[in-house]
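Descriptive structure summary
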Amino acid sequence: MSRHKHGVFGYIIRTIGVILTVSVLAGTCLVPSRVRAQKDLTVEFVEYAFHTLLEKDPEGEQYGFWYRNIKDGNTTAAGMIEMLSESEEFSEKNYSPEQKLTLLTKVMTGKELAEAEKERYISYLDNGVSLRRFISDVSKSPEFASVCAQYKITPGTVDDLEPRDLNPELAVFIGELFTEMYGRSPSAKELNVWTQYFREGKQVAPTLQQITVSSDYTSRGVSDDQTITSLCHLMLGRDATAEEMGKYHEVMGNGVSVDYVAQMIASDPSFASRCADLDIVPGEINLTQARDLNYEMTSFLNHLYSRLSGKAPAGEELNNFVRRLSEDPSSIRSVIWDVLSTPESREILASDDDFLNAVFEVFYGHEPEQEKITSYKIALSHGITRERVLISIANDPAFDAKMSEYGLDTHIEKEVPKKVVALTFDDGPYTDVTMRILDTLEPYGAHATFFVTGDRVNRYKDCIIRATNMGCEVGNHTWNHTTLTRISGDAVHKQIWDTCDAIYALTGTYPKVMRPVGGSYNTTVSENVGLPMILWSIDTNDWKYRDSQHVIDEVLNNVRDGDIILMHDLYDTTATAVETIVPALIDSGYTLVTISELAEYKNVQLENGKPYFSMRG
Ligand code: ZN
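Below is a short write-up of the structure. Everything quoted here is computed from the prediction, not taken from an experiment.

Another point: the overall build of the protein chain. Scanning the protein chain from terminus to terminus reveals 37 helices and eight strands. Against the globule reference of 25 Å for 617 residues, the protein chain gives a C-alpha radius of gyration of 46 Å, more extended than a compact globule. When the backbone C-alpha atoms are referred to their principal axes, the protein chain occupies close to 150 × 45 × 35 Å. Among the 617 residues that make up the protein chain, the fraction classed as buried is 49%.

Relative to the helices and strands, Leu208 is located in helix α15 (residues 204-213). Taking the C-alpha atoms as reference points, Leu208 and Met181, 27 residues apart in sequence, are found 8.6 Å from one another.

Next up on the list: the coordination of the zinc ion. Protein-derived coordination of the zinc ion comes from Asp427 (OD), His477 (NE2) and His481 (NE2), at a distance range of 2.1 to 2.2 Å. Taken in chain order, the donor set of the zinc ion reads D-x49-H-x3-H. Placement of Asp427 in the loop between β1 (419-426) and α30 (431-441) and of His477 in the loop between β3 (473-476) and α32 (489-507) is noted, with a sequence separation of 50 residues between them. No difference in accessibility class separates Asp427 from His477, as the two residues are buried.

This part covers the pattern of salt bridges. Counting across every chain of the model gives 33 salt bridges. Linking Glu344 and Lys311 is a salt bridge whose minimum nitrogen-to-oxygen distance equals 4.0 Å. Taken as a pair, Glu344 in helix α25 (residues 343-348) and Lys311 in the loop between α22 (295-309) and α23 (315-327) lie far apart in primary sequence, 33 residues in all. The exposure class assigned to Lys311 is partly exposed, which follows from its relative accessible area of 32%. Residue Asp498 pairs with Lys494 through a salt bridge whose shortest N-O separation is 2.8 Å. A residue pair is termed a helical-turn pair when its members lie 3 or 4 positions apart in one helix, as Asp498 and Lys494 do in helix α32 at four residues.

Another aspect to go through is the state of the cysteines. Summed over the entire model, instances satisfying the criterion amount to zero disulfides. The cysteine Cys472 is free of any disulfide, with Cys463 supplying the nearest cysteine sulfur at 11 Å. Accessibility expressed as a relative area gives 8% for Cys472, which makes it buried. The thiol of Cys500 is not disulfide-bonded; the next cysteine sulfur, from Cys472, is found 18 Å away. Overall, the relative accessible area of 1% leaves Cys500 in the buried class.

Here the structure, examined in full by the defined rule, presents 22 aromatic pairs. Ring geometry for Phe360 and Tyr364: centres 5.1 Å apart, planes at 85°, overall edge-to-face. Of this pair, Phe360 and Tyr364 both sit in helix α26 (residues 352-364), four residues apart, roughly one helical turn. Neither Phe360 nor Tyr364 differs from the other in exposure class; each is buried. Grouped by ring-pair contacts, the aromatic residues Phe173, Phe178, Tyr182, Trp194, Tyr197 and Phe198 constitute a single cluster. Geometry around Phe355 places Arg386 over its ring, the cationic atom sitting 4.1 Å from the centre. Lys419 extends its terminal NZ or CZ atom over the ring of Tyr590, reaching a point 4.5 Å from the ring centre.

On to unusual backbone geometry, then. In the segment running from Gly428 into Pro429, the intervening peptide bond is cis, with an omega of 0°. Among the secondary structure elements, Pro429 is positioned in the loop between β1 and α30. Phi at Glu55 is positive, roughly 55°, even though this residue is not glycine. Position of Glu55 relative to the elements: it lies in the loop between α4 (41-54) and α5 (61-71).

On the secondary structure map, Glu59 appears in the loop between α4 and α5. Residue Glu59 is classed as partly exposed on the basis of its relative accessible area, which comes to 45%. In sequence terms Glu59 and Gln99 are 40 residues apart; their C-alpha atoms lie 23 Å from each other.

The rules behind each value
In this numbering scheme, every chain counts its residues from 1 along its sequence in written order. Only residues with pLDDT of at least 70 get local features here, since the model is predicted, and only at 80 or more are side-chain atom pairs given and counted; chain-wide, interface and lining totals rely on the full set of residues. Heavy atoms throughout the structure, all of them, feed into the side-chain values; hydrogens and water do not. What counts as a helix is a DSSP run of H or I of at least four residues, what counts as a strand is a run of E of at least two, and both are numbered from the N terminus. All radius of gyration figures rest on C-alpha atoms, and the globule criterion is 2.2 Å times the number of residues raised to 0.38. For every residue, the accessible area (1.4 Å probe, protein chains only) is compared with the maximum for its type, and the residue is labelled buried under 20%, exposed over 50%, or partly exposed between those bounds. Note: metal donors comprise N, O and S atoms at 2.8 Å or less from the metal (3.2 Å for Na, K and Ca); water molecules are not included, so apparent gaps in a site are possible. Counted as salt bridges are all cases of a side-chain nitrogen of Lys or Arg within 4 Å of a carboxyl oxygen of Asp or Glu. Criterion for a disulfide: a pair of cysteine sulfur atoms within 2.5 Å. Two rings belonging to Phe, Tyr or Trp (six-membered ring only in the last case) form a pair when the distance between their centres is within 6.5 Å. Interplanar angles under 30 degrees mark stacking, angles over 60 mark edge-to-face geometry, and anything in between is tilted. Throughout this description, the term charge over a ring refers to an Arg CZ or Lys NZ atom that lies within 6 Å of the ring centre and within 35 degrees of the ring normal.

Here's what the structure looks like:
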C-alpha cells in the first residue's frame, strides 16, 4: 500500500497547481484531502460516472478506491461502469430498464440512445439478458473511445460474458420458449443453462418435441391447438395463418398426433432461417408414433374406427392398429372385427341395416349393392353371424381393391396345407347326427361339406346355420332325393334350383356344388344341373353297414391327399365314427376342408355339369 501512496503522492506534486484551484472550488466535497488535492481527469471521470449513474458524488473511500484502481490499470472505464451498474446503490435507484439504458448511454457516449436500439435492448433486458451485454456493446463504439480519450482513461470492455449475454437474441428466444411452454420466465441460471445448451449445438425441434411430452408441459392441460400455436410462435416466429391452421386441423382430424403437425411446422423454410439468425441448429421432429409414420393408413383406420364405432379412436388405439397392419396388412379383417366388437360399435350398429351400410362403406368405399345387401340381410336374419358375413364381404375382390388405395396389400396368400381331405355328408341334415358331427369338427376348426336335400332345409335350419357359421359348406343334393337320370332336363333343373333357392332363402348364399343322388348322371343331367357334380373317391358304405368301426377302417385305411369321402349324416354310427376319424386324420397331418376349399388348394377350376371324384395330385 505504501508504494501506492507514494506513487500517488508523486503524481500529486506534478499536478498540484491545478488540483489546488479545483479543491478550493469544491470545498464541500468529502474527498480525502490528498486525493482531492490531485483532482485530475481521472478524478473527473470518477465524479462524472457517479453523477451520471448514481446522481451523487463519490463518498469517502470511493474516490481513492476508483482512482487507484484506474490509475494502476486494475480497472478500465468500461469495468468501472459495469461495477457501478451492478452496485447496490444503482439497484436502489429502481431505474426502469429504459432509464438504465439511457444513463449508461449517456455516461459512455455522452449521447442519446437511438430509439430502435433502445427497444432492442429493452427486449433483451426483459428476457433476462444482463446490462453487461449492453455495456460490452457500447464499449466497442467510437463514441465511447472518444469519451475515454477525453478523460485520458483506458476504455476497456466487459470480459467473460455469461452464455445468456453472448447471444441475447437466443436468450430472448429462450424467454419466449419458457413463456410458451412453461407459462413463466426463466431464471438467470436457467437462461444461462439453456443458452449454453443450444449454443453447444443441441437441436431445437427435438427439444421442443420433448417438452411437449414432458410432465411439466402435459400437466398444464394445454390443448392441441395451443401447442400448435406455441410451436408456430417458437419455430416460425409468428402465428399460424388461418389456412395453415385449417390444414393442421385436417390432418389431426385424420388421426395423426401433434408431432406430425410439429413436423409440418418444422418443414417451413422460415424455421431454418430463424434458427440461422439465432445461430442454433433447427433439427427435425422425430416421428415415433406408429400413427404418424403412415398417413394414408392412419387416415383410413381413423375413418374406419369412427364410422364403425361412432367415435374417434384414442391415439394409442390407433398406434396399435397401425402397428398390426404394418406388420400384416391382411390383419385388417381382425382389426375391423375388433372395432366392431366394441360396445360402442355394437350400440350404434345394432340394426343389420346400419351394420351392413357401415361395413360396405368402409370395405368398398360406397353404399352396398342392393343384391348383396339383401343376401347378407337374409343370412343375418337367420342367425348367420356378423363375423361370417364379414368374411364373405372381405373375400370380395372389391375389398382388396379398396384397401390397396390405402397402400394395404390385404390379399391373403393362403398357406396350402400339405395334405387335404374333404369329408362329405349326404341326405341330411338330421339334428341328432349333424349336430354331433359339428360338435366333433368345431374344436379343430375342421370343415366339411353337407349335401342337403331341399325339402329338409327349413326343417333343419339350425344345423345349416351352425354349419355355415363354422365355415362348412352346404351343397345341393336335389329337392327330394330324386335320381336325376330318371327325369327330364327341365325336371333336373327344377330339382336343383328349388333347392338352391331354399338354401339361399336361409343363408343368403347359393350353393356352389351339387352331388347327384346315387352318383348317377348322364348327358341330360350334366347339361341341366348348372353346378359342378361332386362324386367321391372313398365310399364308407355307412348306410349299408351301420358300423362305426367299418367306417373308421374304410377311411383311415384308404385315405390319400385330395380324397373326397362319402358319408351320410343320418346315422348315429356315422357320428360315432366321425369322432374317431376327425382327430385321427388331423394327427396324420390332414387338413379337413370343404369341397370349394379342396378345389382352391388343388388349383382346380370347378366347371358346371362336370363330375369330380377326387382331387388327388
Ligand atoms: Zn343321397
